[in-house]
Amino acid sequence: LFRSQEKMETFRALIERFWIEKKKDRELYRKIQREAEKIRGFVTEQLGWKLIANEKIIKLEKIPTHAKGFMGVTQFTRIQDYIIFCALLIYLEEREEGEQFLLSEMLEVLETQLQEYMEVDWTMYAQRRSLVRVLQVAENRGLLKVNDGNSERVADGTEREVLYENTGLSRYFAVNFGRSIETFSSCRDFEAAACFETDTEQSKTQRVYRQLVTAPAFYWISTENKDASYLKAERMRIQRVLGEKLGGSLHLHRNAAFYVYEEERMGELHPEESMLSEVVLTVCKEIRKEVENRHLERDAGDCVSIFRREFQGLVRRCQEREKAVWNKEFGEMEISKLERGILEYMKSWMLAELQGERVIFYPACGKFIGSYLTDFVGEEDKTDE
């Protein structure tokens, strides 16, 4: 039992973390290294992923079935952050491990590299903030090390020079697709190149396992969806295999499937211990109630669609009803700001999506709901009566 639990913990570490550095976590590195060949066999066959294991790091290259916004670098807020980051990766890969360089030296090279893709002006505050976000991500991921100075001060101009050191890990950061991607222009190109549009048993297996492992939900509309048919036919085996590797359980519904972790904790959680998470649960319950009362209708994929202004009204009703139990910030928040925050959270958990002026609510809205045990509204007034 202990050995089985240890194997589960090592595999979950590979799923949760971007990579495991030997220098920072020797014990975990050695545990995974001992199981590397068995893990490699599973991820290659069932997921179509590559396990990289060398003297520095162990990394599982986690390529999803379908890319979603929440799978990006969460610290990045603008497209130019990614553009600058790619230029930084090129800069680091051209330098020796342990080589030191100054911020000013690096910026001169980056400016030349970036001119083809964006207008470069490091005196602009927005660009300096992008640069700082990129440098901080690079530091946190271990791609470079600060030997003198502070990257954060670059944004406000108080830090004119920083001395960095190249760790050599940048060469393992990007995914090697084994083919030219110069002509690729969207995520669909990568999916097609990965043979995801074929209907072989192996491709269906890999699409289904990847979706369950990397995304909060797996949705389908048609009963003829081949991946859904595979999932239903193989549900017992999928539950057993993923249960052994990750714990948790497979929840299968008419138009959706979820791999749910109950007692185990892995990665980011919904619901989490935050007021926004509670707010979303109450909003989801309100949507479910509207469906049950036939005020809202589900489509063929069990989704619900309403205009955004209607959703704002629904959020307002929840706020008025739950103001006594929400904290002051959310109880008094302006409705448009509250609605935007709720939508962003719901998008990140595949609960909802904004399409033009309509909000599409996915089946998970009816599954993950919440309410408060005590009705606090008017509690004191009832005593007076």
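Quick caveat, the model's predicted, so the values are computed rather than measured.

Engineer: Summarise the pairing of strand 8 (residues 249-252); cite the residues concerned and give the values.
Structural biologist: Both strand 8 and strand 9 (residues 256-260) contribute to a ladder of 4 bridges, which runs antiparallel. Within strand 9, the residue paired with Leu250 across the bridge is Tyr259. Here strand 8 folds back onto strand 9 in antiparallel fashion, the turn holding 3 residues.

Engineer: Explain helix 10 (residues 235-246) residue by residue, including any values.
Structural biologist: For helix 10, spanning 12 residues, the distance from its first C-alpha to its last is 15 Å, which sits close to the expected 16 Å at 1.5 Å a residue. Every buried residue of helix 10 is listed here: Ile238, Val241, Leu242, Gly243 and Leu246. One or two positions beyond helix 10, positive phi appears at Gly247, with a value near 80°.

Engineer: Before we move on, can you summarise unusual backbone geometry with the specific residues and values?
Structural biologist: Of note, the amide linkage connecting His270 to Pro271 takes the cis form, showing an omega dihedral of -5°. Within the secondary structure, Pro271 is located in the loop between strand 9 and helix 11 (275-292). In the Ramachandran plot, Arg294 falls in the positive-phi region, its phi being about 65° despite a non-glycine side chain. With respect to the secondary-structure elements, Arg294 resides in the loop between helix 11 and strand 10 (304-307). For Asp302, which is not glycine, the phi dihedral falls at a positive 65°. Secondary-structure assignment places Asp302 in the loop between helix 11 and strand 10.

Engineer: Could you give me a rundown of the nonpolar core, with the residues and numbers involved?
Structural biologist: Core analysis: the biggest nonpolar cluster contains 39 residues, and Phe311, Ile342, Met346 and Phe361 have the highest contact counts within it. Of all the secondary structure elements, the ones that give two or more residues to this core are strand 9, helix 11, strand 10, helix 12 (308-322), helix 14 (335-348), strand 12 (358-361) and helix 15 (364-367). A total of 7 residues in this core trace back to one element, the largest contributor, which is helix 11. Sequence-distant contacts of Ile342, defined by excluding residues within four places in its chain, comprise Leu276, Val279, Val280, Val283, Phe311 and Val315. Grouped together as the second largest cluster of nonpolar side chains are 36 residues, Phe76, Leu131, Leu135 and Tyr164 included.

Engineer: Run through the side chain of Ser170, naming residues and quoting values.
Structural biologist: Relative to the elements of secondary structure, Ser170 occurs in the loop between strand 6 (163-166) and helix 7 (187-193). Under the relative-accessibility criterion, Ser170 is labelled buried at 1%. Apart from the residues within four sequence positions on either side, Ser170 is in contact with Leu89, Leu92, Glu93 and Leu143.

Engineer: Break down the environment of Lys68 for me, citing the residues and quoting the values.
Structural biologist: Considering the arrangement of structural elements, one finds Lys68 in the loop between strand 3 (57-61) and helix 4 (79-93). Each C-alpha atom, one on Lys68 and one on Ser348, is 8.3 Å from the other, the two residues being 280 residues apart in sequence.

Engineer: Can you tell me about the sheet that holds strand 10, naming the residues and giving the values?
Structural biologist: Reading across the sheet, the 3 strands line up as 10-12-11 and stay open at both edges, with antiparallel pairing between neighbours. The sheet is open, and its two borders are formed by strand 10 and strand 11 (352-355), each paired with just one other strand. When strand polarity is set aside, the average angle formed by the axes of neighbouring strands in this sheet is 25°. Pairing geometry for strand 11 and strand 12, over 4 bridges, is antiparallel. Paired with Leu354 across the strands is Val359, a residue of strand 12.

Conventions used here
Chains are numbered independently. Their residues run from 1 in the order of the written sequence. Where totals are concerned, whole chains, interfaces and linings use all residues; where local detail is concerned, this predicted model gives features only for residues with pLDDT of at least 70, and gives and counts side-chain atom pairs only at 80 or more. Only hydrogens and water are removed before side-chain values are computed, so all heavy atoms of the structure are retained for them. By the convention used here, strands pair only if DSSP detects at least 2 bridges between them. Working definition: helices are DSSP H or I runs of at least four residues, strands are E runs of at least two. Numbering for both runs from the N terminus. Residue count minus one, scaled by 1.5 Å, sets the expected span of a helix. Three exposure classes are used, based on accessible area relative to the maximum for each residue type with a 1.4 Å probe and protein chains only: buried under 20%, partly exposed in between, and exposed over 50%. The definition of a nonpolar core used throughout is a set of buried Ala, Val, Leu, Ile, Met, Phe, Trp, Tyr and Cys residues joined through side-chain atoms within 4.5 Å. Contact between two residues is taken to exist if any of their heavy atoms lie within 4.5 Å; hydrogens are not considered. Between N-to-C directions, angles cover 0 to 180 degrees, with each direction set by a line fitted to C-alpha atoms, over the stretch in contact for helices.

Note that every value here comes from positions in space, so none of it alone points to a role or purpose.
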